[in-house]
Amino acid sequence: HCLCDSFEGITHSLCTTEFILSRVSYEWLNKTLEVYEPMQREYGRLSITGTVLSKRKIAKLVNEGYVRGWNDPRLYTLIGIRRRGVPPGAILEFVNELGVTTAATTIQLARFDQSVRRYLERTVPRLMMVLDPVPVVIEDAEEGADLDIPFSPKNSAMGSHKLKLTKTVYIDRSDFREEDSKDYFRLAPGKSVGLLQLPYPIKATDFTKDESGKVTEIRAVYDKEIKKPKTYIQWVPEGSRKVEVRMYNSLFKSEKPDDAEGGFLKDINPESETIYKDALIESGFEEV
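Now for a description of the structure that goes with this document.

Calculation notes
- In this numbering scheme, every chain counts its residues from 1 along its sequence in written order.
- It should be noted that, the model being predicted, local features are given only for residues of pLDDT at least 70 and side-chain atom pairs only at 80 or more, the latter also being counted only at that level, while totals for whole chains, interfaces and linings use all residues.
- Only hydrogens and water are removed before side-chain values are computed, so all heavy atoms of the structure are retained for them.
- Only strands joined by at least two bridges in the DSSP assignment are considered to pair.
- Numbering of helices and strands runs from the N terminus; a helix is a DSSP stretch of H or I covering at least four residues, while a strand is a stretch of E covering at least two.
- Take the buried residues of types Ala, Val, Leu, Ile, Met, Phe, Trp, Tyr and Cys, join any two whose side-chain atoms come within 4.5 Å, and each joined set is a nonpolar core.
- Residue exposure (1.4 Å probe, protein chains only): buried if accessible area is under 20% of the type maximum, exposed if over 50%, otherwise partly exposed.
- Should any heavy atoms of two residues lie within 4.5 Å, those residues are considered in contact.
- Throughout this description, the term salt bridge denotes a Lys or Arg side-chain nitrogen within 4 Å of a carboxyl oxygen of Asp or Glu.
- A right-handed crossover is one whose linking path, passing over the helix from the first strand to the second, runs clockwise when the strands point away from the viewer.
- The patches reported here contain residues having more than 30% relative accessible area and no salt bridge. Joining distances are 9 Å for like charges and 5 Å for nonpolar side chains (Val, Leu, Ile, Met, Phe, Trp, Tyr).
- Areas reported here follow the Shrake-Rupley algorithm with a probe of radius 1.4 Å; residue values treat only the protein chains shown as occluding.
- Side-chain rings of Phe, Tyr and Trp, where Trp is taken by its six-membered ring, are said to pair if the distance between their centres is within 6.5 Å; with planes under 30 degrees apart they count as stacked, over 60 as edge-to-face, and otherwise as tilted.
- Charge-over-ring placement is defined geometrically: NZ (Lys) or CZ (Arg) within 6 Å of the ring centre, and within 35 degrees of the ring normal.

## Remarks on the sheet that holds strand 10 (residues 192–195)
Paired through their backbone hydrogen bonds, the strands of a sheet run either parallel or antiparallel.
At step 1: Ordered in space as 13-10-11-12-6-9-14, the 7 strands form an open sheet in which the pairing is mixed. Of all strands in the sheet, those bounded by a partner on one side alone are strand 13 (232–233) and strand 14 (236–237).
At step 2: As paired elements, strand 10 and strand 13 share 2 bridges and run parallel to each other. Each residue of the ladder has a partner; that of Leu-195, found in strand 13, is Ile-233.

Structure, rendered in structure tokens:
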């Protein structure tokens with residue numbers, strides 16, 4: 001190992017602290033043979049709660065069909081988090097926040113996700129998407145009006161794109177309730193909510209349901225008396241592109257899957273993946 005590093009001109013051989021005892025033999029052989037001497041330096045292993053990082057255990061998850069492959073976004077392999085949408089800069093920023101020491105470090109998944117989210121908010125365009133769409137007919141909407149939608153509310157340098165306002169728009173089914181309550185701030189009969197980037201909030205006036213009791217259409221009007229609604233929700237215009245969306249939760253139910261009774265395979269979260277086959281995404285997706 002030390003000779004390969006020497007011949008290849010490696011300046012620093014970096015490894016985890018369990019290799020600290022091998023540094024003596026690493027340095028001795030290069031010195032004795034009087035060849036170029038790289039430096040071996042050790043750092044503490046970084047572990048993340050709520051997942052497994054062992055290649056043997058990940059192979060078991062892959063081979064037994066618990067995940068789709070080594071690049072499944074629920075895994076914390078490099079190809080897994082890359083497919084999840086985590087860019088290299090976010091990982092570097094996260095490690096820089098922690099610092100590098102010889103002490104073993106264990107951090108929670110939520111802290112990693114929070115660090116990545118902060119990075120993405122500054123660096124990537126933001127789009128509107130509806131997972132479980134239900135149509136809303138805005139009776140007094142101006143059909144075909146062009147809206148100028150910024151790609152990022154926090155970075156004007158990303159520019160904007162045009163989005164056509166249609167009389168029928170789609171919102172997420174979870175953003176509407178048939179009966180209102182004091183602790184609910186989204187759309188309900190007689191209640192108003194803001195649609196992102198629209199000049200006025202909308203007020204629900206009526207809705208229809210099918211034989212199974214599922215809401216099939218909501219009718220609404222602009223509520224021009226309210227200047228600033230309590231909540232804004234996402235929406236997409238009629239004719240938006242249909243996509244399949246996979247939403248991921250934690251692959252395991254506990255923070256320490258290895259400690260679960262019966263082993264880590266008994267700790268698999270059955271709701272780690274939810275698939276929405278009829279989701280809609282706005283046209284800005286094409287520009288991105």
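On we go from here.
## Some remarks on the nonpolar core
At step 1: Counting residues in each nonpolar core, the largest one holds 25 residues, and the members touching the most others are Ile-138, Ile-171, Leu-195, Ile-202, Ile-218 and Trp-235.
At step 2: Those elements that place two or more of their residues in this core are strand 6 (133–138), strand 7 (145–150), strand 8 (160–165), strand 9 (168–172), strand 10, strand 11 (202–209) and strand 12 (215–222).
At step 3: At 4 residues, the largest contribution of residues to this core is made by strand 12.
At step 4: In this structure Ile-218 touches Val-134, Pro-135, Val-136, Val-137, Ile-171, Phe-176, Leu-187, Ala-204, Asp-206 and Phe-207, once residues within four positions along its chain are discounted.

## Some remarks on the pattern of salt bridges
At step 1: Scanning the model with the defined rule gives 21 salt bridges in all.
At step 2: A salt bridge links Lys-60 to Glu-64; its shortest N-O distance comes to 3.0 Å.
At step 3: Asp-146 serves as the salt-bridge partner of Lys-164, at 3.1 Å between the closest nitrogen and oxygen. Of this pair, Lys-164 sits in strand 8 while Asp-146 sits in strand 7, and the two are 18 residues apart along the sequence.
At step 4: Lys-164 sits in the partly exposed class, given a relative accessible area of 47%.

## Brief notes about unusual backbone geometry
At step 1: The backbone of Glu-34 sits at a positive phi, close to 55°, despite the residue not being glycine.
At step 2: Looking at where Glu-34 falls in the secondary structure, it is placed in the loop between helix 2 (23–33) and strand 2 (39–43).
At step 3: Its identity as a non-glycine residue notwithstanding, Gln-197 has a phi of 75°, on the positive side.
At step 4: Classification of Gln-197 as partly exposed rests on a relative accessible area of 42%.

## Considering the pairing of strand 1 (residues 12–16)
At step 1: With 5 bridges connecting them, strand 1 and strand 2 associate as parallel partners. Note on strand 2: the bridge partner recorded for Ser-13 is Gln-40.
At step 2: Handedness of the crossover joining strand 1 and strand 2 through helix 2: right-handed.

## A word on the sheet that holds strand 16 (residues 273–281)
At step 1: Overall, antiparallel pairing links the 3 strands, which are arranged 5-16-15 in an open sheet. Every interior strand has two partners, whereas the edge strands, strand 5 (129–130) and strand 15 (241–248), have only one.
At step 2: Bridge count for strand 15 against strand 16 is 7 bridges, and the pairing is antiparallel. Residue Tyr-248 lies in a different strand from strand 16, and its bridge partner there is Glu-273.

## Thoughts on the environment of Thr-208
At step 1: With respect to the helices and strands, the residue Thr-208 is situated in strand 11.
At step 2: Note: C-alpha distance between Thr-208 and Ile-218 (10 residues apart in sequence) is 6.6 Å.
At step 3: The contact partners of Thr-208, leaving out residues within four places of it in the chain, are Lys-214, Val-215, Thr-216 and Glu-217.

## Some remarks on a nonpolar patch on the surface
At step 1: On the surface, a nonpolar cluster with roughly 430 Å² of combined accessible area is contributed by Leu-14, Tyr-43, Leu-46, Val-95 and Val-100.
At step 2: Looking at the secondary structure, you find Val-95 in helix 5 (residues 88–98).
At step 3: Using a relative accessible area of 30% as the deciding quantity, one classes Val-95 as partly exposed.

## Let's talk about the side chain of Ser-6
At step 1: Along the polypeptide, Ser-6 turns up in helix 1 (residues 2–7).
At step 2: For Ser-6, a relative accessible area of 8% corresponds to the buried category.
At step 3: Each residue touching Ser-6, except ones within four places of it in the same chain, is listed here: Asn-30, Val-35, Tyr-36 and Pro-38.

## Focus: the packing of aromatic side chains
Between two aromatic rings, the relevant description is the distance of the centres plus the angle of the planes.
At step 1: Summed over all chains, the structure comprises 5 aromatic pairs.
At step 2: On the basis of an interplanar angle of 65° and a centroid distance of 5.5 Å, the ring pair of Phe-176 and Phe-207 is categorised as edge-to-face. In this pair, Phe-176 sits in the loop between strand 9 and strand 10 while Phe-207 sits in strand 11, placing the two residues 31 residues apart along the sequence.
At step 3: An aromatic cluster is present here, built from Tyr-76, Phe-94 and Phe-112 joined pairwise through their rings.
At step 4: We note Lys-224 situated over the ring of Tyr-200; from NZ or CZ to the ring centre the distance is 5.1 Å.

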